[in-house]
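# Examining the three-dimensional arrangement
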Amino acid sequence: MPAPADDPTIGPADGELYFRVLGPLTVERRGEPVALGGPQHAVALALLLCHADQPVPVDGFVAELWRDRPPRSHRVQVQGIISELRRRLAPGGRAAAPIVTRPSAYLLHTAPGGLDLRQFSDEVAAAAAARATGDSAAALRLLEVALGRWRGPAFSGLTGRSIESTAATLHEARLDAAAELVDARLADGRLTGLVAELGALIGERPLDERFHRQLMTVHDRLGRPADALAAYRELRERLVRELGIEPAVPTQDLHRRILSGEPGPAGPANTPAPASALRQLPPDIADFVGRERELRALRGQLARSASAGAVPIVAVEGMAGVGKTRFAVHAAHRLAATYPDGQFYLDLHGFSAESTPAAPGAVLESLLRRLGVPAPAIPESVDDRSALLRDRLADRRVVLVLDNAADEAQVSPLLPATSGCLVIVTSRRALALDGAGVIVLDVFSPVEARELLTGILGRDRVAAEPASVEELAGRCGHLPLAVAVAGRRLRGRPAWRVEHLLARLSDTDRGLAEFAVGARGVEDVFALSYRALPAGRQRLFRLLGVHLGDDVTAASTAALAGGDPADAERDLEALLDEHLVQQVRPGRYELHDLLRRYAARQAAVTPDEAATARRRLVDWYVATADRATQLIRRFPLPPVGRPPEPAAPVPGFGDGEAALRWLDAEFTNLRAVIHGAADLPSWRNAVVLVHVLQPYLVRRGQVDDALVTLRAAAAAARRLDDPVAEAHTLTALGQAYDTAGRTDRALEFLRDALDRHVRLGQPVGEATTRHHLATVFRRLGRHEDAIAEYRRAVVLFHAAGDGQWEASALSSLSVDLHLAGRDEEALEQALRALSLQRVVGGPGLASVENNVGLLHARLGRHAEAIPYALRALAFQRRTGSRPGQANALANLAFSYSRTGRHDDAVRAAVEAVEIARDLGPDLRANVLNTLGEAHRFAGDHRASLRCHREALDIATRIGEADEQARARAGIDGASLPAGA
């Protein structure tokens with residue numbers, strides 16, 4: 001890595017953003033500060049920077065911004081905050097913004113050299129590499145540059161759990177770097193100012209013996225041994241008073257040397273452990289990367305245990321292949337100087353293909369022999385051997401690594417009793433050891449995975465195929481073992497490009513076999529955990545491999561396995577304790593990608609069992625989605641088939657909000673079920689589920705998902721050879737294309753569907769299709785054609801006795817009558833629709849009231865219009881309808897602007913624009929025009945022009961005639977001289 005420039009403020013190239021977090025959060029573009037907006041914008045950006053170049057879930061923003069009391073509209077507000085950050089970070093347009101959207105998450109891209117934290121970390125790492133090669137001058141310069149980037153505490157002034165945790169981690173990293181810099185200055189003989197600097201560092205870490213040894217060394221070299229000895233006395237008194245322990249051996253040795261007047265070395269103050277120590281750890285790993293946060297957590301556990309006078313025990317847990325042994329061994333090496341009397345490693349064979357778990361008595365015998373106890377003096381019983389071990393370790397400072405533990409009973413007899421020792425236990429299971437701190441290792445971050453591949457393959461090879469390397473890490477699920485094996489496989493085959501290995505990984509016949517080098521393979525490691533399960537949990541685990549979605553609940557697992565949800569929850573919790581599943585949110589479980597592939601491989605051995613389980617799951621999802629959407633439907637389901645009767649119990653929903661929460665949580669899985677049902681084949685379920693979900697997709701404004709799922713349903717209906725189901729699906733697909741602004745495709749599908757309904761004698765299908773055709777005609781400015789189609793639809797709905805659809809058609813008719821200039825007739829039809837809707841009831845009332853309010857507003861009757869819009873808004877907020885909220889807010893803003901309530905108008909219109917940002921283009925054009933009008937009435941003509949121009953672009957692209965005319969009128973009005 002090239003050395004950084006001497007200037008610690010150096011940032012990215014001109015034009016790129018430079019983010020500073022090592023101090024107050026600031027952003028610069030070409031050296032000029034960028035205003036971030038309010039405090040919430042700063043917190044959101046800080047959270048993105050805590051996880052730079054990694055996706056941050058929307059729930060993470062909610063937790064950071066509002067802790068445990070998020071507002072009802074929190075998701076909308078998060079969208080607004082991100083949208084405003086994009087605008088401020090990229091004034092050239094949304095496409096240039098460094099914040100990109102991921103599924104239910106946002107990700108901030110940072111340019112090389114664009115984040116001071118990353119520069120700091122790179123420089124510290126480069127300094128360590130320089131010291132390792134003996135280039136102390138380069139190390140010193142790099143550390144000075146790195147520490148020069150700090151302008152105060154990281155993220156100072158900002159609060160939030162994740163931000164504060166990251167800031168604390170960075171504070172420790174700064175102190176570690178400061179200690180390295182002091183050593184570098186000692187090695188270079190630069191002692192000026194070190195006494196004061198070390199005094200400040202000791203104030204931040206009063207129990208850090210390294211800083212105290214450095215201070216003693218500085219005093220000694222400056223010819224002030226009395227001050228050095230005073231520094232030792234102060235340290236010893238504090239350790240005895242606060243932790244009840246003596247200073248470590250290196251510190252005591254330094255004290256004895258100064259006391260005797262022996263000349264000290266010219267190098268750093270960190271003296272190694274004595275050569276006589278019992279050092280039996282395996283070699284440290286040369287390509288060890290990451291895990292700094294976990295190492296800091298381990299040190300924190302040491303401090304907490306020492307303050308309580310207890311032996312520090314750290315249980316390192318995680319799934320197979322996540323690097324537990326590597327971490328434990330590396331940590332023990334890092335702490336070796338603190339435990340100079342011995343470092344022991346014992347493999348307990350808790351999960352081993354070659355042997356059964358080691359018996360505690362045999363392990364104790366081996367350990368006592370290593371401690372010098374002769375064989376005849378070793379007792380027979382486990383209890384006596386355990387007591388002898390505690391006696392032999394009572395006055396020693398020893399680290400024990402107990403690797404691959406099976407359970408608590410295997411570990412408990414091996415534990416020392418005094419706080420001078422450290423025990424690190426690794427296990428694939430969650431261990432309940434009294435007093436133990438737990439460190440759960442997760443998979444690598446993308447940055448750590450890339451760093452590991454760089455260490456194995458070399459920078460040149462990684463730089464030659466950066467995108468393929470990133471994809472390879474993703475295919476490995478960022479699992480450290482899989483990443484390492486893939487890297488070594490490539491290293492042993494220099495003729496292979498990374499993309500060649502990716503192609504092999506895509507071959508389903510090879511599967512996990514590609515993640516193997518020699519005798520070491522990911523599949524073999526997974527097999528050890530799988531075989532250790534009882535038969536019932538083996539069955540459940542392999543069935544999870546055929547689940548169609550991303551995660552599972554106890555209820556969906558019960559459907560998959562054909563059991564009871566309570567039993568399924570117990571089994572899932574057991575698999576969680578075995579680290580074979582992960583829990584992303586309470587009650588929801590998922591498999592790592594590679595474990596899912598392994599589970600699917602096991603399920604393939606019993607194909608009939610897997611197929612039956614998948615059919616049960618699909619039936620359950622269709623039936624549950626049907627029950628949920630019954631609470632939010634405005635219209636009955638079209639005649640495309642009946643939901644199945646599931647074998648597993650279907651949950652109940654107390655109200656529409658509970659149903660929406662379930663649909664939100666399960667939508668990714670439901671979408672997967674649609675495509676999975678089409679592959680089973682279970683085409684009827686695919687068609688029914690898509691139509692069941694349409695009310696939810698409309699309410700949430702998920703236009704793209706509606707198009708994708710309806711296309712899948714149309715294909716499934718064709719396979720079923722069901723002309724009625726196909727006709728109704730084409731009607732819904734035409735409506736979805738219309739909402740997406742694709743009027744050409746909308747007309748194509750709706751005309752096709754209309755012909756089919758007429759031929760099949762489906763009057764309700766015909767009426768529904770004419771209703772949607774009329775909406776397209778409205779968009780195209782063909783209002784008389786729209787009025788004619790709405791009238792035909794009203795007659796057909798009335799004849800069929802479908803009051804919900806009739807009220808909707810009357811309400812829509814009123815809008816086009818208004819647009820055609822027939823206002824009195826428009827209001828008459830709107831009130832007729834409202835009267836009918838009140839009779840039939842249901843969630844359509846808010847939409848109809850909103851239209852009545854709109855007509856009152858357009859007739860200038862704003863005092864009557866506002867109450868209608870407010871009632872509609874309150875209802876749409878309760879039911880979670882994003883399009884409904886945007887429409888009601890736009891109507892409020894329209895009336896507020898014309899009654900002098902300019903601030904209220906702008907606020908309502910801004911909220912409407914934020915809600916509509918990811919919805920249909922016709923709605924976006926509408927609310928942008930409304931905001932433009934609100935700004936013009938408030939006197940902000942520049943903002944008005946900006947909104948109307950954006951609305952005109954959208955309306956022109958989709959052929960929305962009325963909004964085009966409205967935007968042009970707004971542009972003309974905003975362009976007039978003041979007072980004109």
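Please refer to the structure placed before this passage.
We now turn to the structure provided with this report. Fair warning: this is a prediction, and the values are worked out from it, not measured in the lab. (Residues numbered from 1 in each chain as written. Predicted model: local features only at pLDDT ≥ 70, side-chain atom pairs only at ≥ 80, totals over all residues. Heavy atoms only, no water.)

Below, the discussion takes up the sheet that holds strand E3 (residues 32–33). Pairing is antiparallel across the open sheet formed by three strands, whose spatial order is E1-E2-E3. Of all strands in the sheet, those with a lone pairing partner are strand E1 (17–20) and E3, marking the two edges. Across two bridges, the pairing between strand E2 (residues 26–29) and E3 is antiparallel. Its bridge partner being in E3, Arg29 is matched across the sheet by Glu32. (Pairing = 2+ DSSP bridges. Helix = DSSP H or I, 4+ residues; strand = E, 2+ residues; numbered from the N terminus.)

So, about the side chain of Glu933. Mapping Glu933 onto the fold places it in helix H40 (residues 921–937). A relative accessible area of 7% places Glu933 in the buried class. Among the polar contacts made by the side chain of Glu933, one reaches the side chain of Arg966 at a distance of 2.9 Å. Those residues in contact with Glu933 that sit more than four places away from it in its chain are Phe894, Ser897, Arg898, His948 and Arg966. (Buried < 20%, exposed > 50% of the residue type's maximum accessible area, 1.4 Å probe, protein only. Polar contact = N/O pair within 3.5 Å; in protein donor to acceptor, adjacent residues only side chain to side chain. Contact = heavy atoms within 4.5 Å.)

The pairing of strands in a sheet happens through backbone hydrogen bonds and is either parallel or antiparallel. Strand order in the open sheet made by the three strands is E4-E6-E5, with antiparallel pairing throughout. In the strand order of this sheet, the two ends are held by strand E4 (56–57) and strand E5 (99–102), each with one partner. With four bridges joining them, E5 and strand E6 (residues 105–108) adopt antiparallel strand pairing. Note on E6: the bridge partner recorded for Ile99 is Leu108. Contacts from helix H1 (residues 39–50) reach E4, E5 and E6, with the element oriented near 75° to E6. Strand contacts of helix H3 (residues 74–89): E5 and E6, with the helix running at about 145° to E5, the strand carrying the most contacts. (Axes fitted to C-alpha atoms, helices over the stretch in contact; angles between N-to-C directions.)

This part is about the pairing of E2. Judged by which residues are buried, E2 turns out to be one-sided: Val27 and Arg29 face inward and are buried, whereas Thr26 and Glu28, on the alternate face, are not. With four bridges connecting them, E1 and E2 associate as antiparallel partners. When the bridges of E2 are listed, Phe19 appears paired with Val27. Taking the residues between adjacent antiparallel strands as the criterion, E1 and E2 are bridged by five residues, where Gly23 takes a positive phi near 140°. Hairpin geometry of E2 and E3 is characterised by an intervening segment of two residues between the two adjacent antiparallel strands and by a positive phi of about 55° at Arg30.

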